[in-house]
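Report on the structure
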Amino acid sequence: VDSVTGATEMAVFRIRQNVLRESSIGAVATLGDPTGGTGWLAGADATFRTSRFRGSKNLLIGAWVLGADRPEAAAGNKSALGLLLDYPNDLVDASLSWKRIGDAFDPPLGFVPRRGVNLISIGADISPRPGRWGIRQMFFENRFTTALDLNGRWESYRLFTAPINWQFEGGDRIEANFVPQGERLLEPFEVAEGVNVTPGVYRYTRYRLEAEFAARRRVGGQLTWWFGNFYGGTLNQFQVEARWRPSASLAIELDGEHNRGRLPEGDFNTTVVGTRIRYSVSPNVSINSLVQYDTESRSIGSNSRLRWTMTPTAELFVIYNHNVRDRLDRWSFDSNRFLTKFQYTFRR
């Protein structure tokens, strides 16, 4: 079940009824604070899933609760809880989730998206398979999310709809989206360097057009254009992804995004470009390298990772990060980091 802490699960007790039905109860507990203080977190979750609902449908029901405290934590509600109802099926995929996060919930290990809120998400997707016009499947997506404070006053909302999202028999896909949303800002919000949106209530609508080429192609990728209103102005976002697979063991990817905003508080233009190379030396050894540049921070960062699967239960990772920054039209060293990680899984 969706936990808000990201903490490692300490103990899980599973009760299997049969192959098609499963109930699970989990517990989590942490002690200590990476900043040097003392603190704790404890909680539990429960999940029931079945593939026999109404004969042959999938259904999942889950709930979780957490409590945390540290000496320097503010006074208030220090708990969090949530519920999930999920109906993930081929024709109809529906879900309902609710999270309540206390205003003083501050786990020493982990993080929360917001405090003092009720987070609600409702989704209902219908995905028919017409079997004609060269269309493999249509996805009519509808998803509403909102954040309310503990008194029930809305802070933000977003309605994501996809009146067109068609996947063709060849694997290519096209999509068009209509996304009304709103935000109640209580303090200035920085959207780009030197551009701060003033506090207030904002309601606006965003649109998206997208085309994706099938992943099976030697040359593929995706084109995306977000446009429409943005707070008190407009924002255009252009995203390009290109993939080239010259062989089964080598893949080269190019990514780019350009944002052009026009707001009453000021205009901004930002660009992020990057390239990724994936190479499989063997089925057990792979190398992944990413280089990225963005105009906002005026920096180039690289991440290189070697993954060696020694056995089905043992893996070794070797990671190197390197960053340089443009300061006064001169490139200079910013930071680097070398990491190794060994992972072993015990199975019973």
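Read on for an overview of the structure. Keep in mind that what you see is a predicted model, and the values were worked out from it rather than measured. For every chain, the first residue of the written sequence is number 1, and numbering continues from 1 along that sequence. The predicted nature of this model means local features are confined to residues of pLDDT at least 70 and side-chain atom pairs, given and counted, to a pLDDT of 80 or more, with totals for whole chains, interfaces and linings taken over all residues. Processing note: side-chain calculations cover all non-hydrogen atoms of the structure and skip hydrogens and water entirely.

1. What about the pattern of salt bridges?
In what follows, salt bridge is the name for a side-chain nitrogen of Lys or Arg lying within 4 Å of a carboxyl oxygen of Asp or Glu. Per the counting criterion, the structure on display carries 20 salt bridges. The residue Arg 217 makes a salt bridge to Asp 172 at a minimum N-O spacing of 2.6 Å. Of this pair, Arg 217 sits in the loop between strand S14 (200–212) and strand S15 (219–230) while Asp 172 sits in the loop between strand S10 (154–168) and strand S11 (173–185); the two residues are 45 residues apart in sequence, bridging distant segments of the chain. Overall, the relative accessible area of 30% leaves Arg 217 in the partly exposed class. Because the salt bridges share partners, they merge into one network encompassing Arg 173, Glu 175, Arg 208, Glu 210 and Glu 212. Helix and strand labels come from DSSP, where a helix needs a run of H or I of at least four residues and a strand needs a run of E of at least two; each type is numbered from the N terminus. Whether a residue is buried, partly exposed or exposed follows from its accessible area with a 1.4 Å probe, protein chains only, as a fraction of its type maximum: under 20%, in between, or over 50%, in that order.

2. What to know about the side chain of Asp 294
By the element assignment, Asp 294 lies in strand S19 (residues 285–294). His is not counted, nor are the chain ends; Lys and Arg add positive charge and Asp and Glu add negative charge. At 6.9 Å, Arg 325 is the nearest oppositely charged side chain to Asp 294, a buried residue that forms no salt bridge. Counted as a polar contact is a pair of N or O atoms within 3.5 Å, where, for protein atoms, one must be capable of donating a hydrogen and the other of accepting one, and residues adjacent in sequence contribute only when both atoms are in side chains. Among the polar contacts made by the side chain of Asp 294, one reaches the main-chain amide nitrogen of Glu 296 at a distance of 3.1 Å. The contact partners of Asp 294, leaving out residues within four places of it in the chain, are Thr 271, Val 272 and Ser 299. By definition in these notes, contact holds between two residues if any of their heavy atoms fall within 4.5 Å.

3. Let's talk about the side chain of Asn 118
Relative to the elements of secondary structure, Asn 118 occurs in strand S7 (residues 117–126). Residue classification places Asn 118 among the buried positions, given a relative accessible area of 12%. In this structure the side chain of Asn 118 is engaged in a polar contact, spanning 3.1 Å, whose partner is the side chain of Trp 98. Leave out the neighbours within four places in its chain, and Asn 118 touches Trp 98, Lys 99, Arg 100, Thr 146, Ala 147, Leu 148, Asp 149 and Leu 150.

4. So, the environment of Glu 155
Its location among the elements puts Glu 155 in strand S10. The spacing of Glu 155 and Val 201 is 46 residues in sequence and 9.1 Å in space, taken between C-alpha atoms. Filtering out sequence-adjacent residues up to four positions away, Glu 155 remains in contact with Arg 114, Val 117, Ala 147, Leu 148, Asp 149, Glu 183 and Arg 184. Here Arg 114 takes part through its side chain, which lies 3.2 Å from a polar atom of the side chain of Glu 155.

5. A short note on the nonpolar core
Grouped burial of nonpolar side chains is what soluble globular proteins tend to show. Each nonpolar core is a collection of buried residues, namely Ala, Val, Leu, Ile, Met, Phe, Trp, Tyr and Cys, held together in the definition by side-chain atoms within 4.5 Å. Membership of the largest hydrophobic core is limited to 12 residues, which are Val 28, Leu 41, Trp 64, Leu 66, Ala 68, Ala 80, Ile 101, Phe 105, Val 112, Val 117, Leu 119 and Ala 147. Broken down by secondary-structure element, the contributors of at least two residues to this core are strand S4 (57–69) and S7. The leading source of residues in this core is S4, at three residues. Grouped together as the second largest cluster of nonpolar side chains are 11 residues, Val 197, Tyr 231, Leu 263 and Phe 268 included.

6. With respect to a nonpolar patch on the surface
A residue counts toward a patch only above 30% relative accessible area and without a salt bridge, and it is joined to like-charged neighbours within 9 Å or, for Val, Leu, Ile, Met, Phe, Trp and Tyr, to nonpolar neighbours within 5 Å. Computed with the Shrake-Rupley method and a 1.4 Å probe, the accessible areas treat only the protein chains shown as cover for residues. Where nonpolar side chains cluster on the molecular surface, the patch consists of Ile 61, Leu 85, Leu 96, Ile 122, Phe 144 and Leu 159 and spans about 470 Å² of accessible area. Take Ile 122: it is sitting in strand S7.

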